[in-house]
Amino acid sequence: MHVSFLGGPRPQRGVGVVAPFDFALDRELWRWVPDDISLHLTRTPFVPVEVSLDLARLVSEHETLHDAVRTLNAIAPEVVAYACTSGSFVGGIAGERAMCEAMTRAGEVPSLTTSGALLDALTELGARRIALVTPYTVSVTQSLEDYLAEAGVEVTGRAFMGLTRHIWKVPYRDVVDMARQAVRGAADALFISCTNLPTYDVIPQLEAELRIPVISANQVTMWAALRRLGTRAVGPYQALLDESARHRGPVLPEERQEGWS
């Protein structure tokens, strides 16, 4: 067959992603992306600091964001997403908005952050009371709770791991255990924080067990970025992505399935 019969490639639409230097889950981001969209990732410069509030501030400095977005300009993404939860909540709501403005100035395209996408996702789900899972230390977890409180979101239960490095190595079983610990009282949804924490495959199973929407940092980031492009994230039966997966009603702890034990 002559190559002219192939007819491609199709026009490329892109999402630019700015991630912290230690981000290790590029493949997980891709799993939410439809075939006609490309991801273009760049990373912030390395700094010799473990996961902490100090690191969150360093990887979200406006000069750092400006330089990262400028590296994406040549390939002309249609939207830029900052894929780091702690880096985008550490400055509160005003800080998150200022980050978006800084990225938009640098790239001249719409920009968003993980923590801003989280609030949009909670609004989409009608969730004002949430359970919270983080891999962070107590101080970073508290900073996330402060950000949520500023947005009028109540945290009804929490579980955190106290990690300062190698978060991407946490197995799914540990994520599930933490989710069960966090959902103690009435909650409209469960949020699993940190873009470096693997979550893709546990979301449908946790939703089936807990009977509330389960959202994660990488999921809300891709959902929000793709929505800006007028398209939808893909994924197996997840409440944020599929309205038919919502409104199951919460289940009491003693009624939960033990399929993960």
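Keep in mind it's a predicted model, so treat the numbers as computed, not measured.

Procedures and definitions
- Residues numbered from 1 in each chain as written.
- Predicted model: local features only at pLDDT ≥ 70, side-chain atom pairs only at ≥ 80, totals over all residues.
- Heavy atoms only, no water.
- Buried < 20%, exposed > 50% of the residue type's maximum accessible area, 1.4 Å probe, protein only.
- Helix = DSSP H or I, 4+ residues; strand = E, 2+ residues; numbered from the N terminus.
- Pairing = 2+ DSSP bridges.
- Right-handed = clockwise from strand over helix to strand, strands pointing away.
- Axes fitted to C-alpha atoms, helices over the stretch in contact; angles between N-to-C directions.
- Contact = heavy atoms within 4.5 Å.
- Core = buried A, V, L, I, M, F, W, Y, C linked by side-chain atoms within 4.5 Å.
- pLDDT = per-residue confidence, 0-100.

Further remarks concern the pairing of strand β7 (residues 189–192). Across the two faces of β7 the burial is the same, with A189 and F191 and L190 and I192 all buried. Pairing of strand β5 (residues 129–134) with β7 involves four bridges; the strand directions are parallel. Within β7, the residue paired with A131 across the bridge is L190. Sheet analysis places β7 next to strand β8 (residues 214–216), joined by three bridges and oriented parallel. Residue pairing across strands places F191 opposite I215, the latter belonging to β8. The β-α-β motif built from β7, the intervening helix α9 (residues 202–210) and the parallel element β8 has right-handed crossover chirality.

Turning next to the sheet that holds strand β1 (residues 13–19). On the basis of which strands lie adjacent, the open sheet formed by four strands has the order β2-β1-β3-β4 and parallel pairing. Of all the strands in the sheet, the pair left with one neighbour each is β2 (37–43) and β4 (111–113). Going from strand to strand, the sheet's axes swing by 25 degrees on average, the running direction of each strand aside. Relative to β2, β1 is paired through seven bridges, and the arrangement is parallel. Pairing of V15 across the sheet is with L39, part of β2. Sitting on the sheet, helix α10 (residues 217–228) touches β1, β2, β3 (79–82) and β4, and the angle it makes with β4 is about 165 degrees.

Mapped onto the elements, I37 comes out in strand β2. Considered as a pair, I37 and P11 are 26 residues apart in the sequence and their alpha carbons are 9.6 Å apart. In contact with I37, not counting residues within four places along its chain, are R13, V15, W30, L226, L229 and T231.

Glancing now at the nonpolar core. Formed by 88 residues in total, the largest nonpolar core has its most connected members in V15, I130, L148, L190, L206 and I215. Among all residues touching I130, those that are not within four sequence positions of it are L122, L148, V153, E154, V155, T156, G157, A187, A189 and F191.

Mean pLDDT over the protein stands at 92; residues scoring 70 or higher make up 92%. In this model, residues 256–261 is a region of pLDDT below 50 whose contacts with residues beyond four sequence positions or in other chains number 16 contacts.

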